[in-house]
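Architecture at a glance
In case you want the letters, here they are:
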Amino acid sequence: VQLVESGGGLVQLGGSLRLSCAASGFTFSNYAMSWYCQDPGKERELVATITWAGGSTNYVDSVKGRFTISRDNAKNTVYLQMNSLKPEDTAVYYCSVIRSGRRYWGQGTQVTVSS
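Let me sum up the structure you'll find in this document.

Criteria and thresholds
Residues numbered from 1 in each chain as written. Predicted model: local features only at pLDDT ≥ 70, side-chain atom pairs only at ≥ 80, totals over all residues. Heavy atoms only, no water. Pairing = 2+ DSSP bridges. Helix = DSSP H or I, 4+ residues; strand = E, 2+ residues; numbered from the N terminus. Buried < 20%, exposed > 50% of the residue type's maximum accessible area, 1.4 Å probe, protein only. Contact = heavy atoms within 4.5 Å. 1 Å grid on protein atoms, 1.4 Å probe; cavity = no way out; pocket = protein on both sides within 12 Å on 5 of 7 lines; lining within 4 Å. Points joined across faces, edges and corners; volume = space filled by probe spheres on them. Nonpolar A, V, L, I, M, F, W, Y, C, P; charged D, E, K, R; others polar. Axes fitted to C-alpha atoms, helices over the stretch in contact; angles between N-to-C directions. Phe/Tyr/Trp six-rings, centres within 6.5 Å; stacked < 30°, edge-to-face > 60°. Lys NZ or Arg CZ within 6 Å of the ring centre and 35° of its normal.

Re the pairing of strand E9 (residues 91-99)
One ladder, built from 5 bridges, connects strand E4 (residues 33-38) with E9; its direction is antiparallel. Its bridge partner lying in E9, tryptophan 35 is registered against cysteine 95. Two strands pair when backbone bridges link them, and E9 and strand E11 (residues 109-114) are joined in this way by 3 bridges, in the antiparallel orientation. When the bridges of E11 are listed, tyrosine 93 appears paired with threonine 109. Here E9 hands over to strand E10 (residues 102-105) after 2 residues, with serine 100 in that stretch at a positive phi of 50°.

Written out as structure tokens, the structure reads:
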């Protein structure tokens, strides 16, 4: 299993970013996918989840209405569209999948929101 995130960067308050996570090594279309974030010194926390076909999504309350998780099973890629960004969204963002009882992580992509 390999997960490779991209799309992070430095953005101003109120700006937007789209994160991508390219997956390989497993049948992507069979698995739900998630995005997590982690600040230094804090635990990694769930941001959003999408089911295998994309028919259902869930978000942490702090990002509802601002972030959108989506997937393209033909491209083996999951996305996180981040709008109306706030300084408190600053973190390393990871995509993740649970396969055969084990959770896999990508290397993460840094998102920094300046005020």
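On we go from here.
Remarks on the environment of serine 84
Mapped onto the elements of the fold, serine 84 is located in the loop between strand E8 (77-82) and E9. Take serine 84: its relative accessible area is 41%, and that puts it in the partly exposed class. C-alpha separation for the pair serine 84 and leucine 17, spaced 67 residues apart in sequence, amounts to 9.3 Å. Contact partners of serine 84, with chain neighbours within four places excluded, come to Gly14, Gly15, Ser16, Arg66 and Asp89.

Observations regarding the layout of surface pockets
Its volume calculated, the largest pocket comes out at about 240 Å³. Every element with two or more residues in the lining of the largest pocket is listed here: E4, strand E5 (45-50) and E9. Counting residues per element, the lining of the largest pocket draws most heavily on E5, which supplies 3 residues. Taken together, the residues of the lining of the largest pocket sort by class into 8 nonpolar, 3 polar and 8 charged.

Observations concerning the sheet that holds strand E3 (residues 17-24)
Within a beta sheet, neighbouring strands are joined by backbone hydrogen bonds and run either parallel or antiparallel to one another. In space, the 4 strands of this open sheet follow the order E1-E3-E8-E7, with antiparallel pairing throughout. Edge positions in the open sheet fall to strand E1 (2-6) and strand E7 (67-72), since each of these has one partner strand only. Between one strand axis and the next, the sheet turns by 15° as a mean value, whatever way the strands run. One ladder, built from 6 bridges, connects E3 with E8; its direction is antiparallel. Bridge pairing links leucine 17 to methionine 82 in E8.

Some words on the packing of aromatic side chains
Going through the model one piece at a time under the given rule, you end up with 4 aromatic pairs. Residues tyrosine 36 and tryptophan 105 carry aromatic rings whose centres are separated by 4.8 Å and whose planes lie at 80° to one another, so their mutual orientation is edge-to-face. A residue pair is termed long-range when its members are at least 10 positions apart, and tyrosine 36 in strand E4 and tryptophan 105 in strand E10 qualify at 69 residues. Of the residues examined, tryptophan 105 reaches a relative accessible area of 34% and is grouped as partly exposed. In textbook terms, an aromatic cluster arises when at least three aromatic residues are bridged by ring pairs, as seen for Phe26, Phe28 and Tyr31. Across from the ring centre of tyrosine 79, 4.2 Å away, lies the NZ or CZ of arginine 18, which sits over that ring. Its end group placed over the ring of tryptophan 105, arginine 44 keeps NZ or CZ at 4.4 Å from the ring centre.

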